[in-house]
Amino acid sequence: MRYARSVLSAAALAALTVGTTAALTAPASAAPNTTPQKVCGSSYKTVNSAAIGSLGTIYLTYNASNGKNCVATIRNNPGTAMDMSAWIYVSDTEEYDEDYGQYTSYAGPTYVYGKAHCVDWGGHIKNVYVQVTGSNCGALKENRVTFTR
């Protein structure tokens, strides 16, 4: 009888310990906050962005030390993998980079040399597409943002 009581006590203590540990840890579905700098690199500063409806945001970043732009598409609510993309294009040089796939949190990074050039950039999450043309090239040109579903 004593042996059975000891085993039951040990099992109860183990269950309580496991339950306490599980209660103190973050849920498996929680993801750390993703920023454009975490995706592109800490030396990239956000210079433009466009909302993708309520699903997320596309960020255009720039690194002044190397003259490169980077684009990252970041979901508002990471979770189940879904179609996502990030792309960037410099029409003057025809340099292009894209990232497309099924992602849980973000698409990208995509990089091009963009110093002193206008850039076209965009991406999508699920069925919401955003593209920005003639961007970040000076006050004489305006950005054109296009949303499609």
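Source: prediction; values computed, not measured.

Examining the sheet that holds strand E2 (residues 56-63)
- Spatially, the four strands line up as an open sheet ordered E1-E2-E3-E6, and their pairing is antiparallel. In this open sheet, the two edge strands, each paired with only one partner strand, are strand E1 (45-52) and strand E6 (106-113). Looking at each pair of strands side by side, their axes are set apart by 15 degrees on average, direction ignored.
- Pairing between strand E3 (residues 68-75) and E6: six bridges, direction antiparallel. For Val 71, the partnering residue across the bridge sits in E6 and is Thr 110.

Brief notes about the nonpolar core
- Grouped together as the largest cluster of nonpolar side chains are 18 residues, with contacts concentrated most on Ile 52, Ile 58, Leu 60, Val 71, Ile 88, Val 119 and Trp 121.
- Those elements that provide at least two residues to this core are E1, E2, strand E4 (82-90), E6, strand E7 (119-125) and strand E8 (128-135).
- Considering each element in turn, this core owes the most residues, five residues, to E4.
- In this structure, Val 39, Cys 40, Tyr 44 and Ala 72 belong to the second largest nonpolar core, which totals six residues.

A look at the packing of aromatic side chains
- A complete count under the given rule lists three aromatic pairs for this structure.
- Following the ring pairs from residue to residue traces out a cluster consisting of Trp 87, Tyr 89 and Tyr 96.

As for the state of the cysteines
- According to the stated counting rule, one finds two disulfides in the structure shown.
- One disulfide in the model links Cys 40 with Cys 70; its S-S distance is 2.0 Å. Judged by the torsion about the S-S bond (-75 degrees), the Cys 40/Cys 70 disulfide is left-handed. Highlighted residues: Cys 40 in helix H2 (residues 36-40) and Cys 70 in strand E3, separated in sequence by 30 residues.
- For Cys 40, a relative accessible area of 7% translates into the label buried.
- Between the sulfur of Cys 118 and that of Cys 137 lies a disulfide, 2.2 Å long from S to S. Judged by the sign of its S-S torsion, about 90 degrees, the bond between Cys 118 and Cys 137 is right-handed. Taken together, the residues Cys 118 in the loop between E6 and E7 and Cys 137 in the loop between E8 and strand E9 (144-148) connect sequence positions 19 residues apart.
- Note on Cys 118: relative accessible area 18%, which makes it buried.

Conventions and cut-offs
- Residues numbered from 1 in each chain as written.
- Predicted model: local features only at pLDDT ≥ 70, side-chain atom pairs only at ≥ 80, totals over all residues.
- Heavy atoms only, no water.
- Pairing = 2+ DSSP bridges.
- Helix = DSSP H or I, 4+ residues; strand = E, 2+ residues; numbered from the N terminus.
- Axes fitted to C-alpha atoms, helices over the stretch in contact; angles between N-to-C directions.
- Core = buried A, V, L, I, M, F, W, Y, C linked by side-chain atoms within 4.5 Å.
- Buried < 20%, exposed > 50% of the residue type's maximum accessible area, 1.4 Å probe, protein only.
- Phe/Tyr/Trp six-rings, centres within 6.5 Å; stacked < 30°, edge-to-face > 60°.
- Disulfide = S-S within 2.5 Å.

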